[in-house]
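# Structural characterization, general
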Amino acid sequence: MIVNFAERAHNHNWELDPVIRSLLDTDFYKLLMLQFIWKHFPKTQVQFSLINRHPSVRIAENINIEELKVQLQHVRGRRFRKSELVWLAGNTFYGRRGIFEPGFLEWLERDFRLSDYSLSVQDGQIHLTFDGLWTETTMWELYALAILDEMKTRAQLKKLSEFGLDILYARAKTKLWNKIERLRGVPDLSVADFGTRRRHSFLWQEYVVVAMAANLGNNFIGTSNAFLAHKHDLEAIGTNAHEIPMVLAALATDDRALKASQYKVLGLWQSTYEGALRIMLPDTFGTTQFLAGAPEWAADWTGQRVDSKNPYVAGDEYIDWLEAHGRDPREKLLIASDTLDVDQILGLHAYFGGLVAGGVRASDFTSAADFQDPKKWTAERRIRFSAGWGTLLTNDFRGCDPNDGNGFDPISLICKVTFVEGKPAVKLSDNYSKALGPLPEIERYRRVFGTAGIANVPVIA
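Here we summarise the structure given alongside this text. Source: prediction; values computed, not measured. (Residues numbered from 1 in each chain as written. Predicted model: local features only at pLDDT ≥ 70, side-chain atom pairs only at ≥ 80, totals over all residues. Heavy atoms only, no water.)

### Topic: the overall build of the chain
From N to C terminus, the chain includes 18 helices and 15 strands. Relative to the compact-globule value of 23 Å for 461 residues, the chain shows a C-alpha radius of gyration of 22 Å, a close match. Dimensions of the chain, computed from the C-alpha atoms along their principal axes, are close to 60 × 55 × 45 Å. Split into buried and exposed, the 461 residues of the chain put 59% on the buried side. Once local pairs closer than 6 in sequence are excluded, the contacts in the chain between residues at least 24 apart make up 78%. Surface exposure of the chain reaches about 18400 Å², of which carbon and sulfur atoms provide 49%. The centroid of the 54 positive side-chain charges in the chain is displaced by 2 Å from the centroid of its 57 negative side-chain charges. (Helix = DSSP H or I, 4+ residues; strand = E, 2+ residues; numbered from the N terminus. Rg over C-alpha atoms; globule rule 2.2 N^0.38 Å. Buried < 20%, exposed > 50% of the residue type's maximum accessible area, 1.4 Å probe, protein only. Contact = heavy atoms within 4.5 Å. Areas by Shrake-Rupley, 256 points an atom, 1.4 Å probe, with all protein chains shown as cover. Lys, Arg positive; Asp, Glu negative; His and termini not counted. Charge placed at Lys NZ, Arg CZ, Asp CG, Glu CD.)

Put into structure tokens, the structure is as follows:
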């Protein structure tokens, strides 16, 4: 795939160059969760809010608010295309056809709408909220983040000459190729693109996905972006996110129901989806306490995604839990997805995908050659490992700016559910730095769930 990024950047001065070209331009798990919400919580009212976890970046000073409104309104006017609905209805996802019900697809075609939004600027920050039915607001998360990230990118692109743009993308392509080269030939590697929410731009994500597919072969298992999976005949990857346990926790009527809500999520998801779609995400209120109280049948699920915990620690914890419940970890799946880059992917694959020789560290694995050295590593997996590669795959322009600026560096923008039926929503996370919600509610949740296994590390992206 050959794209003249410099030319396209100059063409951004069209009357409207839409960031979101299709409602399918979202993470696949959003569609799975939307069907779950449509099925179980069609009348629940929520609010989503934009949060900048890097407040030192005054993003409103780089983004034209009127242009942002135009982009948001453009998305509100989009509808799912017939061809997209046919793909959702007839394609095989995770080895199964028909995971999207006919009634849901009919609703998508006839009745699905995005809620209105509230937008303002305060002290250099954009305040953006979405209020309405959960079915009308949940999809805004990815659309809003993709729009804001690309508008931030476009603002920086305008500062460069055409020659400067050529240099920027030449450096970024070289950086991408160096990463891909280090992954080529690694035995049994499993990597997916998880980069929609913090991508540099849609076109760059597409370029990256095509490059990964062309050069990593079967080791590249697919993309979380449903539109790119549809367009390029790739596997669509994704299951669920923190949003669901956050909402169900907020709906709980007392502390006992609050503690039990994290397992109610599992029960409802299990009644909706089968097989490989049963992936736990236990860190919403702390992984250690989640596993300690999880029902026996949860050990039959396909695997676990690690988000905010050290993936080495979380993986070992999950393996120990499986063995304590009489399950073979080698048949289960561990997915790491938080702030990964090549070093972490190779190290985690070495650690979980085989036996690392004494005196050798996971960080010593830097390319395929290290995995082919029997003095370092033997292929004998402890658990099936897969890497969901996000921000540092689709938005690693650090050091690429020919003007030596940092305006292209990724920042941690999130769009999370903040209120449910008028009650505040809370996320504790396995990292104190990622806790969300009003402080009194965070403290109440910590009393209910405890703080076992929770660390305090900086948020990178």
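From this point, the narrative continues.
### Section: the side chain of Thr223
On the secondary structure map, Thr223 appears in strand β7 (residues 220-223). At a separation of 3.0 Å, a polar atom in the side chain of Thr223 contacts the main-chain amide nitrogen of Asn225. Those residues in contact with Thr223 that sit more than four places away from it in its chain are Asp193, Gln205, Val209, Leu228, Ala229, Leu234, Glu235, Ala236 and Ile237. (Polar contact = N/O pair within 3.5 Å; in protein donor to acceptor, adjacent residues only side chain to side chain.)

### Focus on the sheet that holds strand β6 (residues 191-193)
In space, the six strands of this open sheet follow the order β7-β6-β13-β10-β9-β8, with parallel pairing throughout. One side of each edge strand has no neighbouring strand; the edge strands of this open sheet are β7 and β8 (279-280). In this structure, β6 lies alongside strand β13 (residues 384-389), joined through three bridges in parallel fashion. Paired with Val191 across the two strands is Ala387, which belongs to β13. The strands touched by helix α14 (residues 311-324) are β8, β9 (303-306) and β10 (333-336); relative to β9, the strand with the most contacts, the crossing angle is about 160 degrees. (Pairing = 2+ DSSP bridges. Axes fitted to C-alpha atoms, helices over the stretch in contact; angles between N-to-C directions.)

### Focus: the side chain of Gln71
Among the structural elements, Gln71 can be located in helix α3 (residues 65-76). Since its relative accessible area comes to 6%, Gln71 is described here as buried. Discounting chain neighbours no more than four positions away, the residues touching Gln71 are Leu16, Asp17, Pro18, Val19, Ile147, Met151 and Arg154.

### Here's the deal with the sheet that holds strand β15 (residues 423-424)
A sheet is described by the order of its strands in space; here five strands give the open sequence β4-β5-β1-β14-β15, paired in antiparallel fashion. Of all strands in the sheet, those with a lone pairing partner are β4 (118-122) and β15, marking the two edges. Across seven bridges, strand β1 (residues 45-52) lies against strand β14 (residues 413-420) in antiparallel orientation. Of the residues in β14, the one forming a bridge with Ile51 is Ile414. Helix-sheet contacts for helix α11 (residues 243-251) involve β1, β14 and β15, and the interaxial angle to β14 is about 25 degrees.

### Considering the packing of aromatic side chains
Centre-to-centre distance and the angle between the planes together describe a pair of aromatic rings. Applying the stated criterion to the full structure yields 32 aromatic pairs. Here the aromatic rings of Phe36 and Phe41 are separated by 6.2 Å at their centres, their planes lie at 40 degrees, and the arrangement is tilted. Like Phe36, the residue Phe41 is buried in the burial classification. Seen from their ring centres, Phe80 and Phe112 are 5.8 Å apart, and the 55 degrees between their planes marks the pair as tilted. Here the residue Phe80 occupies a position in the loop between α3 and α4 (82-90), and Phe112 occupies one in the loop between α5 (102-110) and β4, the gap between them amounting to 32 residues. Exposure remark for Phe80: the relative accessible area of 8% places this residue in the buried category. Counting every residue linked through ring pairs, the aromatic cluster contains Phe28, Trp38, Phe80, Trp87, Phe93, Phe100, Phe104, Trp107 and Phe112. Above the plane of the ring of Tyr351 lies Arg382, whose end atom (NZ or CZ) is 4.9 Å from the centre. (Phe/Tyr/Trp six-rings, centres within 6.5 Å; stacked < 30°, edge-to-face > 60°. Lys NZ or Arg CZ within 6 Å of the ring centre and 35° of its normal.)

### Considerations on the pairing of β10
Alternating positions in β10 separate into two faces, Leu333 and Ile335 on one and Leu334 and Ala336 on the other, with burial throughout. In the sheet, β9 pairs with β10 via four bridges, with the strands oriented parallel. Each residue of the ladder has a partner; that of Arg305, found in β10, is Ile335. Tracing the backbone out of β9, into α14 and back to the parallel element β10 gives a crossover that is right-handed. Bridge analysis of β10 against β13 gives four bridges, and the strand direction is parallel. (Right-handed = clockwise from strand over helix to strand, strands pointing away.)

### Looking at the nonpolar core
Core analysis: the largest hydrophobic core is formed by 136 residues, its most contacted members being Leu68, Leu88, Phe100, Leu108, Ile126, Leu128 and Trp389. The dominant element in this core, judged by the number of residues it contributes, is helix α7 (residues 140-157), at 10 residues. Other than its neighbours up to four places away in sequence, Trp389 contacts Lys179, Leu183, Val191, Ala192, Asp193, Phe194, Gly195, Met212, Leu340, Asp341, Val342 and Ile345. Formed by 11 residues, the second largest nonpolar core is a distinct cluster that contains Ala252, Phe285, Ile442 and Phe449. (Core = buried A, V, L, I, M, F, W, Y, C linked by side-chain atoms within 4.5 Å.)

### Re unusual backbone geometry
The phi angle at Asp188 is positive, at roughly 60 degrees, despite the residue not being glycine. Here Asp188 lies in the loop between α8 (162-183) and β6. With a phi angle near 55 degrees, Thr339 is a residue other than glycine that sits in the positive phi range. The exposure class of Thr339 is partly exposed, given its relative accessible area of 21%.

### Notes on the packing of helix α12 (residues 255-272) against helix α18 (residues 439-449)
Each packed pair of helices is defined by two parameters, the angle between the axes and the distance between the axes. In the contact formed by α12 and α18, the axes pass within 10 Å of each other and the chain directions differ by 75 degrees. With respect to α18, the element α12 is oriented roughly perpendicular. Across the interface between the two elements, Asp255, Leu258, Lys259 and Gln262 of α12 pack against Arg444, Tyr445, Val448 and Phe449 of α18. For the contact of α12 with α18, the residue count by class is four nonpolar, one polar and three charged. (Parallel < 35°, antiparallel > 145°, perpendicular 65-115°, else oblique. Nonpolar A, V, L, I, M, F, W, Y, C, P; charged D, E, K, R; others polar.)

### Some details on helix α15 (residues 342-353)
Between its terminal C-alpha atoms α15 stretches 16 Å, which fits the 16 Å expected from 12 residues at 1.5 Å a residue. If you check which residues of α15 are buried, you get Val342, Ile345, Leu346, Gly347, Leu348, His349, Ala350, Phe352 and Gly353. (Expected span 1.5 Å × (residues − 1).)

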